[in-house]
Amino acid sequence: MSITQLSKQAQVQHIFRELVGRDPAVVVRASGVVQLLGGELEPSEGWTLAGAIEPAVWLAAAPTTDNRVTVRVLNLGETAAFQLPHLELFASSVGGNWINYPMGAAWALQNAGQQLVGLDVVLVSDLPQGVGLGSSTAVTLAFIHAWEAVAGFELDPLSRAHLAQKTEKEYVGVQAGLMTPFVCAASRANELLLVNGRTFTHESLPLPANISLILVDSGERGQAAILRERARECAEATAVLRQYLPHIKTLRDVSPDELELLGHHLPEPLRRRASHVVSECARVKAAATALQDGDLPALGRLLRQSHLSLRDSYEASTPALDSLAATAWATPSCIGARLGGSGFLQVLVEDEAVFKVLEKLNEVFVGEYASTEQSRSGRTPPSLVTKFTEGASSILVSDML
């Protein structure tokens, strides 16, 4: 655990003592998630290269004796409570109110047969919300970990991920995949996960400690709707190709040679959508090989190729993201860059070059693609520099004494 993380852990413990009047029994940290390659392949059950990042949800908790769960969220300055064990599935009429996430986690755990206890909770987060970094997933997994620690049961990463997905889809009533909670549940520091999107078997791949990730927010939104439409188009392409390849379940089952042979049966834009999925599956696996071999230049080339395919075949990019990406590619010591979710550019860079790359990206943003208001004020794009780190984990306070 880094010095910064130790400091945040001490802070949340101190705040818990101040607000609740006793020591917490457990402190949980649940990270944000970045899908570096293949994140858009989940509907096709493709492969993804992803990892957890340093911004996280921090939670301190202690059991109560009255089955009451009281949650104090410092970022919002709000407190809410609910009573176990009777939690009705009513959230569809409530929407995305934040208390639904811990309530949904309790509901999912109880439906899975776990006996829960009441909790006093203090929660604080430095993870940006609503920008595709898995903030709601982190909250849900933090509560799952807290109940594991205080109620005395233990789950594996995939089981935690399924419970988090069930919470979001069935209780909160929002679209939620399995990849983000699984990566948050299974990640380790200075590693990326290669995840099979069909079986969720995975492989941990080393990333040098001197590599950082820069996330640059272009300010453009709407990617979620575009990706839902691309998923629909990919399903259409699969249905066409299945007439000639009856064994395929999704586009991940189509080889490059098969697509080259049969692609003329697909009308545009379905052929281009299929081309991206098939080529991205190959790129993700090639990137895993590059990491195993320590070949960072090869990884960078694959990130660039992925972005270009997302631009041309998947049509999921924007002029602003394309310009930012080209700027990153042209900056020395930048390993590679590719668009991510919710209008972010993801840039892998050597630590010593972080400032230089940020400076170049800020210049092109303000000079060419910022909104009129931002240009007049000289504002630079919001950016975040992080390492790949451990995913969701808990520490029993008694173990530290």
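Please read these numbers as outputs of a predicted model, since none were measured by experiment.

**Comments concerning the pattern of salt bridges**
For the coordinates displayed, the defined rule picks out 24 salt bridges. Between R17 and D23 there is a salt bridge, with its nearest N and O atoms 3.1 Å apart. The class for D23 is partly exposed, based on a relative accessible area of 45%. Residue E280 is joined to R283 by a salt bridge in which the shortest nitrogen-to-oxygen separation is 2.8 Å. A residue pair is termed a helical-turn pair when its members lie 3 or 4 positions apart in one helix, as E280 and R283 do in helix α8 (residues 270–293) at three residues. Taken as a pair, E280 and R283 share a single burial class, namely buried. Connected through shared salt-bridge partners, R230, E233, E268, R271, R272, R273 and E315 make up one network.

**Some words on the confidence of the model for the protein**
On average, residues of the protein score 91 in pLDDT, and 92% of them reach the 70 mark or higher. The low-confidence segment residues 371–378, where pLDDT is below 50, has five contacts with residues more than four positions distant or belonging to other chains.

**Quick look at unusual backbone geometry**
The residue after L84, namely P85, is reached through a cis peptide bond having omega 0°. Put simply, E268 and P269 share a cis peptide bond, and its omega is 5°. Counting through the fold element by element, P269 comes out in the loop between α7 (256–262) and α8. You will see that N67, though not glycine, has its phi angle at about 65°, which is positive. Within the secondary structure, N67 sits in the loop between β2 (47–63) and β3 (68–73).

**Quick notes on the environment of P55**
Examined against the element boundaries, P55 turns out to sit in strand β2. Setting aside anything within four residues of it in sequence, one finds P55 in contact with S31, G32, D126, L127, P128, L384 and T386.

**Re helix α9 (residues 296–312)**
In this model, α9 (17 residues) spans 24 Å end to end at C-alpha, consistent with the 24 Å of a helix rising 1.5 Å per residue. Those residues of α9 that fall on the buried side of the exposure criterion are L296, A298, L299, G300, L302, L303, S306, H307, S309 and L310.

**Let's talk about the side chain of Q35**
By the element assignment, Q35 lies in strand β1 (residues 26–37). Q35 sits in the buried class, given a relative accessible area of 15%. One polar contact links Q35 to T180, side chain to side chain, over a distance of 3.1 Å. Every residue in contact with Q35, bar those within four places of it in the chain, is listed here: T48, L49, A50, M179, T180, R338 and Q346.

**Observations concerning the packing of helix α2 (residues 100–111) against helix α4 (residues 157–172)**
Viewed as axis vectors pointing N to C, α2 and α4 meet at an angle of 115°, and their least axial separation amounts to 8 Å. By the angle between their axes, α2 is roughly perpendicular relative to α4. Our pair here, α2 against α4, has a crossing hand that is right-handed. Contacts between α2 and α4 involve N100, Y101, M103, G104, A105, W107, A108, L109 and N111 from the former and L163, K166, T167, E168, E170, Y171 and V172 from the latter.

**Let's talk about the packing of aromatic side chains**
In this structure the tally under the stated criterion is three aromatic pairs. Ring centres 5.5 Å apart and planes at 45° place the aromatic pair W107 and Y171 in the tilted group. A residue pair is termed long-range when its members are at least 10 positions apart, and W107 in helix α2 and Y171 in helix α4 qualify at 64 residues. Taken as a pair, W107 and Y171 share a single burial class, namely buried. Consider the rings of F143 and W147, whose centres lie 6.0 Å apart with planes at 45°: the pair is tilted. Linking F143 with W147, this pair stays in helix α3 (residues 135–151), spanning four residues, or about one helical turn. Just as F143 is buried, W147 falls in that class too. Over the ring of W47 we find R252; its NZ or CZ atom is 4.0 Å from the centre of that ring. Directly above the aromatic system of W47 lies the positively charged group of K285, at a separation of 3.9 Å from the ring centroid.

Calculation notes
- Residues numbered from 1 in each chain as written.
- Predicted model: local features only at pLDDT ≥ 70, side-chain atom pairs only at ≥ 80, totals over all residues.
- Heavy atoms only, no water.
- Salt bridge = Lys/Arg side-chain N within 4 Å of Asp/Glu carboxyl O.
- Buried < 20%, exposed > 50% of the residue type's maximum accessible area, 1.4 Å probe, protein only.
- Helix = DSSP H or I, 4+ residues; strand = E, 2+ residues; numbered from the N terminus.
- pLDDT = per-residue confidence, 0-100.
- Contact = heavy atoms within 4.5 Å.
- Expected span 1.5 Å × (residues − 1).
- Polar contact = N/O pair within 3.5 Å; in protein donor to acceptor, adjacent residues only side chain to side chain.
- Axes fitted to C-alpha atoms, helices over the stretch in contact; angles between N-to-C directions.
- Parallel < 35°, antiparallel > 145°, perpendicular 65-115°, else oblique.
- Left-handed = near helix turned anticlockwise from the far one by under 90°.
- Phe/Tyr/Trp six-rings, centres within 6.5 Å; stacked < 30°, edge-to-face > 60°.
- Lys NZ or Arg CZ within 6 Å of the ring centre and 35° of its normal.

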